[in-house]
Amino acid sequence: MSEGKVVVLGSNATRIETKGGYWGNTGQYLNETVVPAMALIGAGYEVVLATPDGTPPTIDRASDAPAHFGGDVAAYEHAKVFYADDPSMKARTLRSVLDEGLDNYAAIFIPGGQAPIVDLMQDQEIGEILRHFHEHEKPTAMLCHGPISSVAAMPYAREFRAALIAGDPEKAKEWAQGWQYAGYRMTVFEKAEEKVIEDTILHAKIYFDMPFALGLAGAIVDTGPDFEPYVIEDRELITGQNPRSDHPIAAALIAALDRKRVAA
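Let me begin by describing the structure that accompanies this report. Predicted, not measured: the structure shown is a model, and the values here were computed from it.

1. What about the sheet that holds strand β11 (residues 237–240)?
And step 1. Taken in spatial order, the seven strands line up as β5-β4-β1-β6-β7-β11-β10 in an open sheet, and their pairing is mixed. Every interior strand has two partners, whereas the edge strands, β5 (92–93) and β10 (231–234), have only one.
And step 2. With three bridges connecting them, strand β1 (residues 5–9) and strand β6 (residues 107–110) associate as parallel partners. Bridge assignment links V8 to a residue of β6, and that residue is F109.

2. Remarks on the packing of helix α1 (residues 30–42) against helix α2 (residues 73–85)
And step 1. The geometry of α1 relative to α2 is characterised by a closest axis approach of 10 Å and an angle of 80 degrees between their N-to-C directions. When the interaxial angle is binned, α1 and α2 end up roughly perpendicular. Where α1 abuts α2, its residues L30, T33, V34, A37, M38 and I41 lie against Y76, H78, A79, K80, F82 and Y83.
And step 2. Grouping the amino acids of the contact of α1 with α2 by side-chain chemistry returns nine nonpolar, two polar and one charged.

3. Quick word on the pattern of salt bridges
And step 1. If you walk through the whole model with that rule in mind, you get 16 salt bridges.
And step 2. K205 is paired through a salt bridge with D199; the nearest N and O atoms lie 3.9 Å apart.
And step 3. You can call D199 partly exposed: its relative accessible area is 37%.
And step 4. In this structure, the salt-bridge partner of E233 is R259, at a minimum N-O distance of 3.4 Å. Note that E233 is positioned in strand β10 and R259 in helix α9 (residues 246–263), a separation of 26 residues in sequence.
And step 5. Owing to a relative accessible area of 40%, E233 belongs among the partly exposed residues under this scheme.
And step 6. Each of R95, D99, E125 and E128 takes part in one network of salt bridges that share partners.

Rules used throughout
Residues numbered from 1 in each chain as written. Predicted model: local features only at pLDDT ≥ 70, side-chain atom pairs only at ≥ 80, totals over all residues. Heavy atoms only, no water. Pairing = 2+ DSSP bridges. Helix = DSSP H or I, 4+ residues; strand = E, 2+ residues; numbered from the N terminus. Axes fitted to C-alpha atoms, helices over the stretch in contact; angles between N-to-C directions. Parallel < 35°, antiparallel > 145°, perpendicular 65-115°, else oblique. Contact = heavy atoms within 4.5 Å. Nonpolar A, V, L, I, M, F, W, Y, C, P; charged D, E, K, R; others polar. Salt bridge = Lys/Arg side-chain N within 4 Å of Asp/Glu carboxyl O. Buried < 20%, exposed > 50% of the residue type's maximum accessible area, 1.4 Å probe, protein only.

What follows is the structure in structure tokens.
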């Protein structure tokens, strides 16, 4: 018998705006998606993957390598097979999850890769899902760039993002009023980490960095050493800083779910 259902909220974005034009090879990180999903399944939870349009996320090429699995080729190959073939990775729409009823789900997990910056942070259905989980104090975990998705809960998430891209932080701060996670302590992909991606992969600058955006919205952003595992828990929210935080955030989410289940 399943211990409960966890919805993994995935992105459909395949390109991202940069100051040098669009970068067309973005997506979701393989390890950030499958490592927590496999851990949840191993702990007895049912995993459901949902995306805005119901198609699976594109795996970012930069993550498609054994290096993101500690150099373990077998673990990397297993992850690829899991993502391609496991029934839990057959995506459905966000709308179908909402129509089913969010009371059927015990937790949310949002992986990273840069794709969430494009669609998830301004998606109205993501916002509806996040608000429900926030109001019911159910575990809500987000990894790497995933925490930027939390701004979708704002009443004016699209306007907030547009102001960031326009380089108008004061207007963005106005649009952020009423954000449910203001005052929460959280972590996210750090500016110096982003610069490595910009310099070596994008060869261009993105319009805003994640700590700046979340801090502007009212979060208390705390980051650890670059490219080292780092996870923060504050109330129902669990955030991980970077790809190497995949195993620690999975463990933290499972522990939070177990505590919630025992307390029920």
